[in-house]
Amino acid sequence: MSSVLTIRGGVPLTGRVTVRGAKNLVPKAMVAALLGNEPSVLRNVPEIKDVEVVTSLLQLHGVRVDKDPVTGDLTLDPKGAKTASSTAIDAHAGDSRIPILLCGPLIHAIGEAFIPDLGGCKIGDRPIDYHLNVLRQFGAVVEKRPGGIHISAPNGLKGAKIALPYPSVGATEQVLLSATRAEGITELSGAATEPEIVDLIAVLQKMGAIISVQTDRTIRIEGVQDLGGYNHRALSDRNESASWASAALVTRGDIFVEGATQRDMMTFLNTYRKVGGGMDIGDDGIRFYHRGGKLNPLVLETDVHPGFMTDWQQPLIVALTQAEGVSIVHETVYENRFGFTEALIRMGANIQVHRECLGSVPCRFGQRNFLHSAVISGPAQLKGTDIDVPDLRGGFSHLIAALAATGTSRVTGIDIINRGYERFTEKLAGLGADFDITSAK
């Protein structure tokens, strides 16, 4: 049964939250354990829905997953890897897009993979064509079947020279997970180089993989016959850290984010400071706070790493509704990521979305009739309203808008937020938010 959050706004969020392992790394590191012939240990694991989904999928395929009741560390033993029934796998269809990354490791482990129809956030076109084309280049045979896709490699996976038309994170992960045990050398050009990608490479290197990253977005993988296990502490979730930072700004609050790391957030921190946010950077985390004065408007373009992350822009746009003047945000990664602004407009925000590219970064969407640029005029007095959560980051953005608004907001569909924010209602309560949780009727 889904839950409803009733929020009474106008209370600054103050206090401390802890951010653990990155949603964009932990499930992929769990999948990587399938490649080994020994158990792996993954530490700093958050309690989020995507981890639950991958745990179930691995268990269906015979992987033993044990969770330490005190630390939450996961031990993953792939020695019993086996084929799972399509019916059992299909039960997870729509829960996550992670299953597509099981393909390469499953082919290496048991010779085949079945991937159910995929879900995920509705923020734009995330075609699995990149993944399937990558697998075909490794020599895989892809067959469409009722409810999903069957993939096999009768002659095993072979190294390949692969060029991505866009530095897709998912496609880069697919190459890494497929190439490490493929026969021969794989060269991937146009690769994504996000910190989570580098951390996944670190995981694979601990297992015995030979991977080098060049400065021109080229990754070279020398295939090995066998891999061992790993013992790894996942890097902190920079997206959740940035979300809490924006929450402090929007609610005129003061939040210390334990686990936030400067190195992986430098682009965000520069932007945060330009807007007028305050920060104190420490070894164990970062304090984010509203300085008490006016917030500044800015012009912002999202981009792949090391640019400003697309996952950062939605919570920050809520803060920009409170800035003095006109801000422009040009989204260049996902074409439909501004759907969440409809609720903000109903709350009183002055936001216009445009099909034109309002920025200098070359954009794939300029001639394709997508609303991918936003003009935000502020400051605006936000008022409580009824909201249905559209996606993970948009949903969190709606929450912090409701927390800053006058009056009461009723937010439905909040279970989506559990996919990437660990115990977010507990954290909100600890920060002083005024809300109730009830079951949807």
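Residues numbered from 1 in each chain as written. Predicted model: local features only at pLDDT ≥ 70, side-chain atom pairs only at ≥ 80, totals over all residues. Heavy atoms only, no water.

(A) Fine view of the overall build of the protein chain. When helices and strands are tallied, the protein chain shows 13 helices and 23 strands. Here the C-alpha atoms of the protein chain give a radius of gyration of 22 Å, agreeing with the 22 Å that 2.2 N^0.38 yields for 441 residues. Referenced to the eigenvectors of the C-alpha coordinate spread, the extents of the protein chain come out at roughly 65 × 50 × 45 Å. Across the 441 residues that make up the protein chain, the buried fraction comes to 55%. In the protein chain, the share of contacts with a sequence separation of at least 24, taken over all contacts with a separation of at least 6, comes to 75%. Measuring between centres, the 44 positive side-chain charges of the protein chain sit 2 Å from its 48 negative side-chain charges. (Helix = DSSP H or I, 4+ residues; strand = E, 2+ residues; numbered from the N terminus. Rg over C-alpha atoms; globule rule 2.2 N^0.38 Å. Buried < 20%, exposed > 50% of the residue type's maximum accessible area, 1.4 Å probe, protein only. Contact = heavy atoms within 4.5 Å. Lys, Arg positive; Asp, Glu negative; His and termini not counted. Charge placed at Lys NZ, Arg CZ, Asp CG, Glu CD.)

(B) Examining the confidence of the model for the protein chain more closely. Confidence in the prediction for the protein chain averages 92 pLDDT; 96% of positions are at 70 or higher. Low pLDDT, under 50, characterises residues 120-125; the predicted model gives this stretch 15 contacts beyond four residues in sequence or across chains. (pLDDT = per-residue confidence, 0-100.)

(C) Spatial organisation of the environment of Gly-104. Mapped onto the fold, Gly-104 is located in helix 4 (residues 103-110). C-alpha of Gly-104 to C-alpha of Gly-407: the two residues are 303 residues apart in sequence and 51 Å apart in space. Discounting residues that sit within four places of it in the chain, Gly-104 has contacts with Leu-135, Leu-157, Gln-174, Leu-177 and Ser-178.

(D) Examining the sheet that holds strand 3 (residues 40-43) more closely. Taken in spatial order, the four strands line up as 4-5-3-13 in an open sheet, and their pairing is mixed. With partners counted over all chains shown, the strands left at the sheet margins are strand 4 (64-67) and strand 13 (231-233), one partner each. The sheet shows a mean angle of 15° between the axes of neighbouring strands, taken without regard to direction. Looking at chain direction, strand 3 and strand 5 (residues 74-77) are connected through three bridges and run antiparallel. By the bridge assignment for strand 5, Val-41 is matched with Thr-75. (Pairing = 2+ DSSP bridges. Axes fitted to C-alpha atoms, helices over the stretch in contact; angles between N-to-C directions.)

(E) Summary view of the sheet that holds strand 23 (residues 435-439). Read from one edge of the open sheet, four strands run 21-22-1-23, paired in mixed fashion. Edge strands, defined here as strands with exactly one partner in the open sheet, are strand 21 (386-388) and strand 23. In this sheet, neighbouring strand axes are inclined to one another by 20° on average, regardless of whether the strands run parallel or antiparallel. Across five bridges, the pairing between strand 1 (residues 3-8) and strand 23 is antiparallel. Among the inter-strand pairings, Leu-5 is bridged to a residue of strand 23, identified as Ile-437. Those strands touched by helix 12 (residues 392-404) are strand 1, strand 21 and strand 22 (408-412), and its axis lies near 30° from that of strand 1.

(F) Layout of the nonpolar core. Counting 70 residues, the largest nonpolar core has Met-30, Leu-42, Leu-58, Leu-76, Ile-151, Leu-176 and Leu-204 as the members making the most contacts within it. The biggest single contributor to this core is helix 7 (residues 195-207), with six residues. With residues near it in sequence (within four places) discarded, Met-30 still touches Leu-42, Val-51, Val-54, Thr-55, Leu-58, Leu-74, Leu-76 and Tyr-230. Residues Ala-242, Ala-245, Ala-349 and Leu-428 belong to the second largest nonpolar core, which totals 65 residues. (Core = buried A, V, L, I, M, F, W, Y, C linked by side-chain atoms within 4.5 Å.)

(G) A look at the pairing of strand 4. Direction of pairing for strand 4 relative to strand 5: antiparallel, over a ladder of four bridges. Paired with Arg-64 across the two strands is Asp-77, which belongs to strand 5. Between the antiparallel neighbours strand 4 and strand 5 lie six residues, among them Gly-72 with a positive phi of about 80°.

(H) Representation of helix 7. The end-to-end C-alpha separation of helix 7 is 19 Å, in line with the 18 Å expected for 13 residues at 1.5 Å each. Buried within helix 7 we find Pro-195, Glu-196, Ile-197, Asp-199, Leu-200, Ile-201, Val-203, Leu-204 and Met-207. In the core, the buried residues of helix 7 are packed alongside helix 1 (26-32), helix 6 (169-179), strand 11 (210-213), strand 12 (219-222), strand 13 and helix 8 (238-250). Positive backbone phi, at 120°, marks Gly-208, one or two positions downstream of helix 7. (Expected span 1.5 Å × (residues − 1).)

(I) Highlighting helix 2 (residues 49-60). Taking 1.5 Å of rise per residue, 12 residues should cover 16 Å, and helix 2 covers 17 Å from first to last C-alpha, within 8% of that figure. As for helix 2, its buried residues are in contact with helix 1, strand 4, strand 5 and helix 3 (86-90). With its phi angle positive at about 85°, Gly-62 sits one or two positions after the end of helix 2.

(J) Main features of the packing of helix 4 against helix 6. Across the interface, helix 4 lies against helix 6 with an axial gap of 7 Å and an inter-helix angle of 15°. Between helix 4 and helix 6, the interaxial angle falls into the category roughly parallel. Considering only the axes of helix 4 and helix 6, their crossing is right-handed. Touching Cys-103, Gly-104, Pro-105 and His-108 of helix 4 are Gln-174, Leu-177 and Ser-178, all from helix 6. (Parallel < 35°, antiparallel > 145°, perpendicular 65-115°, else oblique. Left-handed = near helix turned anticlockwise from the far one by under 90°.)

(K) Geometry of the environment of Ile-281. In this fold, Ile-281 is placed in strand 15 (residues 277-281). The spatial distance from the C-alpha of Ile-281 to the C-alpha of Thr-6 is 33 Å, given a sequence separation of 275 residues. The residues contacting Ile-281, other than those within four sequence positions of it, are Gln-262, Leu-269 and Ile-286.

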